[in-house]
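Here is how the chains run, residue by residue.
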2 protein chains.
Amino acid sequence: MNKIPRVKILVILAHPDKSSFNHAIAGTVVRALEENRHEVIYHDLYTERFSSTLTTAEIFKNFAVPRPIGKYCAELAAAEGIIIVHPNWWGQPPAILKGYIDRVFRPGVAYEFAEGDDGEGIPIGLLKARAALVFNTSNTGLEREEEVFGDPLQSIWKRSVFDLCGVKTFYRRTFGVIVTSTLEDRRSWLDEVDAVVSSYFPAVISRVRGA
Amino acid sequence: MNKIPRVKILVILAHPDKSSFNHAIAGTVVRALEENRHEVIYHDLYTERFSSTLTTAEIFKNFAVPRPIGKYCAELAAAEGIIIVHPNWWGQPPAILKGYIDRVFRPGVAYEFAEGDDGEGIPIGLLKARAALVFNTSNTGLEREEEVFGDPLQSIWKRSVFDLCGVKTFYRRTFGVIVTSTLEDRRSWLDEVDAVVSSYFPAVISRVRGA
């Protein structure tokens, strides 16, 4: 049996209501990772009152990143897996999470431009995470989301964010309709979250059995 | 000649740098509208330090909206035209503008659900604006934005936001690549902004000539 190493997984949650299904998903994610003995770095952006407004100074590449943004950046750069949990609000993440992208996915951290390129070229992804998972909730049916709205969250996370930053293995799942879901629906969705997390980040095997 | 009424136009800008091309676009928009004698309600979200984080209480429909959010809501509801100016950051608006959508495009203001619908159904658009224009800037070429990233801003603004809220006439233009543009490029883009604004909101004609 192959050895499965312990990895560092960054988990980001963005929902204001602690009794939300998003919190239940994030709780399940963290539990599954811990049961599998991975290292979890967990941020509930609302509880941490993440400040989402990027300032003028931050636009420039040579900006001296202050704490706590620098700490978030170091964690993102070091993450070997990334899991994001948020509701679909207007085909986009909540503003607090958009601000996390704006401020933490910085040039030099998440991507960079080749030497001699002033910013108009094709960026090189810098993230070393081997997979990114996104769990969403929605009160719009999945078919309507795709047909009527074009499901912009899929392009945003898969293409505009993770593919650009070098994370090529991507999985996304939207649960819903939340407002009309039963307790049974939600239980089976959490079982699914647990199974997906464990399939991407299986239990650590530190010694090869029988060796 | 037909009478052209004076209308109320809401202009929203989201860019941190006052020397940015976004500010030049917004300035041109406001000047064109004023020259055409329309009523302009202008918000530079960064200068106003718009607070973008939606709170738990705001999720509920019967939330007593406090000032200043209530004032933003009343202006949005009353607007007969809407013009939005922002850079393309990760295929999305900057967080401060995402927060404006999250908090100001409220149920009861921008859309509502039919009687007996608990939120899973199809919302009814409430905005009375007859047109929405979006001007974006980008450092990604337009072709690459569409082919590689799927240009999520188009779906976001046209379908997820304005169509849902009842604004069926929609125009969007992305200017770029900004970092490598010449002064001449930028001048001609501002002329284009002026022409587009005047084509959607032409000069007020209060008396029919020769009548």
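Throughout, residues of each chain are indexed from 1 in the direction in which the sequence is written. Chain letters and ligand numbers both follow the written order, the letters beginning at A and the numbers at 1. Thresholds applied to this predicted model are a pLDDT of at least 70 for local features of residues and 80 or more for the giving and counting of side-chain atom pairs; totals over whole chains, interfaces and linings are not thresholded and use all residues.

## Some words on the overall build of chain A
The cut-off we apply is this: A run of H or I in DSSP counts as a helix once it spans at least four residues, and a run of E counts as a strand once it spans at least two, with each numbered from the N terminus. Radius of gyration here is computed from C-alpha atoms only, and the compact-globule reference equals 2.2 Å multiplied by the residue count raised to the power 0.38. Comment: burial labels come from other C-beta atoms within 10 Å of the residue's own C-beta, placed from the backbone, where a count of 20 or more is buried, 12 or fewer is exposed, and between is partly exposed. The contact criterion used is a C-beta to C-beta distance within 7 Å, with each C-beta placed from the backbone.
Broken down by element type, chain A carries 6 helices and 7 strands. The globule rule puts the C-alpha radius of gyration for 211 residues at 17 Å, and the 18 Å found for chain A is close to it. Counting only residues that meet the buried cut, chain A has 41% of its 211 residues in that class. Long-range contacts, defined as pairs at least 24 residues apart, comprise 82% of the intrachain contacts of chain A with a sequence gap of at least 6.

## Let's talk about the sheet that holds strand β1 (residues 8–13) of chain A
Backbone hydrogen bonds are what pair the strands of a sheet, in a parallel or an antiparallel way. Residue and element names in this part refer to chain A. The test is simple: Pairing between strands is defined by DSSP: at least two bridges between the two strands are required. Between N-to-C directions, angles span 0 to 180 degrees; the directions come from axes that are lines fitted to C-alpha atoms, helices contributing only their stretch in contact.
Taken in spatial order, the 5 strands line up as β2-β1-β3-β6-β7 in an open sheet, and their pairing is parallel. With partners counted over all chains shown, the strands left at the sheet margins are β2 (39–44) and β7 (170–176), one partner each. Recorded for the sheet is a direction-independent mean angle of 15 degrees between the axes of neighbouring strands. Across 6 bridges, β1 lies against β2 in parallel orientation. Bridging across to β2, V11 finds its partner in Y42. Docked against the sheet, helix α5 (residues 152–163) engages β6 (132–138) and β7, running at close to 160 degrees with respect to β7.

## Focus on the relation of the copies chain A and chain B
Rule in force here: In superposing the copies, a least-squares fit is computed on C-alpha atoms, taking residues whose pLDDT is at least 70 in both.
Overlay of chain A on chain B (RMSD 0.0 Å): rotation 180 degrees, translation along the axis 0.0 Å. What the rotation and shift describe, once combined, is the action of a two-fold rotation axis. Comparing contact sets, 100% of the residues at the interface of chain A also lie at the interface in chain B, consistent with an isologous, same-surface contact.

## Things to note about the environment of B:P107
Residues and elements named next belong to chain B. Along the chain, P107 turns up in the loop between α3 (95–104) and β4 (111–112). P107 sits in the partly exposed class, given 16 other C-beta atoms within 10 Å. In this structure, P107 is in contact with K61 and E112, ignoring residues within four places of it in sequence.

## With respect to the confidence of the model for chain A
Our working definition: You can read pLDDT as the predictor saying how much it trusts each residue, on a scale of 0 to 100.
Overall, the prediction assigns chain A a mean pLDDT of 94, with 97% of residues at 70 or greater. If you check the scores for this complex, the pTM reads 0.96 and the ipTM reads 0.95.

## Focus: the interface of chain A and chain B
With 35 residues of chain A at the contact, the number on the chain B side is 35 residues. If you list the elements that add at least two residues to the side of chain A that touches chain B, you get α3 (95–104), α4 (142–149) and α5 of chain A.

## Comments concerning helix α6 (residues 183–200) of chain A
Residue and element names in this part refer to chain A. Threshold: Expected helix span is taken as 1.5 Å per residue step, with the number of steps being one fewer than the number of residues. This arc is built from the directions going out from the helix axis to the C-beta atoms.
With 18 residues, α6 extends 26 Å from end C-alpha to end C-alpha; this agrees with the ideal 26 Å at 1.5 Å per step. Residues of α6 that are buried include every one of W189, V193 and V197, and no others. Viewed end-on, α6 has its buried residues packed into an arc of 75 degrees, placing them on one side of the element. Set apart from the buried face of α6 by more than 90 degrees, the exposed residues are E184, R187, S188, D191, A195 and S199. Where α6 is buried, its residues meet α1 (21–35), β6 and β7.

## What about the pairing of strand β1 (residues 8–13) of chain B?
All names here are of chain B. The condition that has to hold: The handedness rule is simple: strands pointing away from the viewer, and a clockwise path from the first strand over the helix to the second, make the crossover right-handed.
Counting buried positions over the 6 residues of β1 gives 5, a clear majority of the element. In this region the chain leaves β1, passes through helix α1 (residues 21–35) and returns to the parallel neighbour strand β2 (residues 39–44); the handedness of that crossover is right-handed. Strand direction decides the pairing type here: β1 and strand β3 (residues 81–87), joined by 5 bridges, are parallel. Residue I12 lies in a different strand from β3, and its bridge partner there is I84.

## As for the packing of α5(A) against helix α5 (residues 152–163) of chain B
Any two packed helices are characterised by how steeply their axes cross, that is the angle between the axes, and by the distance between the axes. Applied cut-off: Should an angle lie under 35 degrees it is considered roughly parallel, over 145 roughly antiparallel, and from 65 to 115 roughly perpendicular; all remaining angles are considered oblique. Crossing handedness is read from the near helix: turned anticlockwise from the far helix by less than a right angle, it gives a left-handed crossing, and turned clockwise, a right-handed one.
Here α5(A) crosses α5(B) at 165 degrees, and the two axes come no closer than 9 Å. If you check the angle between α5(A) and α5(B), you find them roughly antiparallel. Seen from above, α5(A) lies across α5(B) with left-handed handedness. When α5(A) is examined against α5(B), the residues A:P152, A:S155, A:I156 and A:S160 are found in contact with a partner set consisting of B:P152, B:S155, B:I156 and B:S160.

## Describing the environment of A:G141
Residues and elements named next belong to chain A. The topology assignment puts G141 in the loop between β6 and α4. Exposure remark for G141: the 17 C-beta atoms within 10 Å place this residue in the partly exposed category. Counting along the chain gives 45 residues from G141 to R186, while the straight-line C-alpha distance between them is 15 Å.

## Some thoughts on the sheet that holds strand β7 (residues 170–175) of chain B
All names here are of chain B. The 5 strands are arranged β2-β1-β3-β6-β7 in an open sheet whose pairing can be described as parallel. Among the strands making up the open sheet, the edge pair consists of β2 and β7. The sheet shows a mean angle of 10 degrees between the axes of neighbouring strands, taken without regard to direction. In this structure, β3 lies alongside strand β6 (residues 132–137), joined through 6 bridges in parallel fashion. Residue pairing for β6: I84 is matched across the bridge by V134.

## Structural notes on α1(B)
Residues and elements named next belong to chain B. Compared with an ideal rise of 1.5 Å per residue, which puts 15 residues at 21 Å, α1 spans 21 Å between its outermost C-alpha atoms and is within 8% of the ideal. Within the sequence span of α1, burial applies to F21, N22, I25, A26, T28, V29, A32 and L33. All buried residues of α1 project into a common sector of 160 degrees when viewed along the axis, lining one side. Packed against the buried residues of α1 are β1, β2, β3, β6 and α6 (183–200). Phi for R37, located one or two positions after α1, is positive at around 65 degrees.

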